[in-house]
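Breakdown of the fold
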Amino acid sequence: MKNFALIGAAGYIAPRHMRAIKDTGHHLAVAYDNNDSVGIIDSISPQSEFFTEFERFLEFAHQLKRQPQTALDYVAICSPNYLHHAHIAAGLRLGCDVICEKPLVPTPELIDELELVERETGRKVFNILQLRHHDAILKLRDKVSAAPADTKFDVELTYITSRGKWYAESWKGDPRKAFGVATNIGVHFFDMLHFIFGKLQRNVVHHSGEAKAAGYLEYERARVRWFLSIDANDLPDDVKGKKTTYRNIDISGEQLEFSEGFTDLHTTSYREILAGRGYGLNDARHCIETVNVIRNAAVAPAGPDAHPHVALLQR
């Protein structure tokens, strides 16, 4: 049985990590968050130690190293995006392997830095890229691989997930901490596109704002028009008032249906990591390079390769 620590225990995604640790038969020894709204721990791992100050958490983790049976094996990180790099490095220097949520870090340069820390410590970093384990995604990847080598699929990706006024007041609404909407809610889609369609060849941004972004990506096997938004006003009329989220991926006229099957993907990710098949820094690099370019690119005029929603924004 492996011993885990969890950093960012009060976050939205943290319970999935807690359950994955439990469901794979391992032990959450200690959790940390500067927010103490972590009652979910009672239903998953009530015996875990908990700290609201990082210094006390770190000292306790070092004390655990004195005995082989209590020493931490893994640190799971669910903290705000801008803290990932520091928390990953701290976990590696504790002598642990690290499992981190997306986006791993904001820039390729920070991946380079983490590679150095991996070499210094002899430990490894793993990124949760759970869409790579989804059955529908795996089937589509096989379909693309089986198509003639010169086939390029036309893809239209639309993801609108409504957020209230709280979002702008939280760290998620601060571009210095969340790194913008394309990074915060889009990075796992960009990883999925690379996983299915190969290397990125072209990256154009047609809109970049606090609440929405759009652009065009060309991969080895696909031409992708994409639109991401947290603005409820962008929801289709037939969805407004019924649902707060709209997700649509059209691939050469066929819809990719993957709204189901998400429940256990974190547990699957943990099983793969524990079995030595996890996704590391090099696997995460492509999507980090993609969002880094999107954040810094000049907005290009919308042409025929722009997502249809871009024209609506310009009215």
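Presented here is an overview of the structure given in this document. Owing to the predicted nature of the structure, the values given are computational and were not obtained by experimental measurement.

Secondary structure summary: the chain contains 13 helices and twelve strands in total. The C-alpha atoms of the chain give 20 Å as radius of gyration, which agrees with the globular expectation for 315 residues (20 Å, within 12%). Each principal axis of the C-alpha distribution contributes one length, and for the chain these read about 60 × 45 × 35 Å. Split into buried and exposed, the 315 residues of the chain put 53% on the buried side. Within the chain, contacts between residues at least 6 apart in sequence are counted, and of these 69% link residues at least 24 apart.

It is worth spelling out unusual backbone geometry at this point. The omega torsion across Lys102 and Pro103 is -15°, close enough to zero to call that bond cis. The residue Phe179 is not glycine, and still its phi comes out positive at about 70°. Structurally, Phe179 can be placed in the loop between helix H8 (175-178) and helix H9 (181-184). Residue class for Phe179 comes out buried when judged on its relative accessible area of 14%. In this model, Ser252 sits at a positive phi of 50°, which is unusual for a non-glycine residue. By the secondary structure assignment, Ser252 is in the loop between strand E11 (245-251) and strand E12 (254-255). Overall, the relative accessible area of 44% leaves Ser252 in the partly exposed class.

For the rest of this paragraph, the subject is the pairing of strand E10 (residues 222-229). Taken across its eight residues, E10 has six buried, putting it largely inside the fold. Between strand E9 (residues 212-219) and the antiparallel strand that follows it, E10, lie two residues.

Time to look at the state of the cysteines. Applying the stated criterion across every chain, the model contains zero disulfides. Free cysteine: Cys96, not disulfide-bonded; nearest cysteine sulfur from Cys100 at 14 Å. In this structure Cys100 is not part of a disulfide, and its nearest cysteine sulfur, from Cys78, lies 7.9 Å away.

All right, on to helix H12 (residues 281-296) then. Taking 1.5 Å per residue, 16 residues should reach 22 Å; H12 reaches 22 Å between its end C-alpha atoms and fits that length. Along its length, H12 reaches its greatest deviation from straightness, about 25°, at Cys287. Listed in full, the buried residues belonging to H12 are Leu281, Ala284, Arg285, His286, Cys287, Ile288, Thr290, Val291, Asn292 and Ile294.

Rules behind the numbers
Residues numbered from 1 in each chain as written. Predicted model: local features only at pLDDT ≥ 70, side-chain atom pairs only at ≥ 80, totals over all residues. Heavy atoms only, no water. Helix = DSSP H or I, 4+ residues; strand = E, 2+ residues; numbered from the N terminus. Rg over C-alpha atoms; globule rule 2.2 N^0.38 Å. Buried < 20%, exposed > 50% of the residue type's maximum accessible area, 1.4 Å probe, protein only. Contact = heavy atoms within 4.5 Å. Pairing = 2+ DSSP bridges. Disulfide = S-S within 2.5 Å. Expected span 1.5 Å × (residues − 1). Bend = angle between axes of the 7 residues up to and from the residue.

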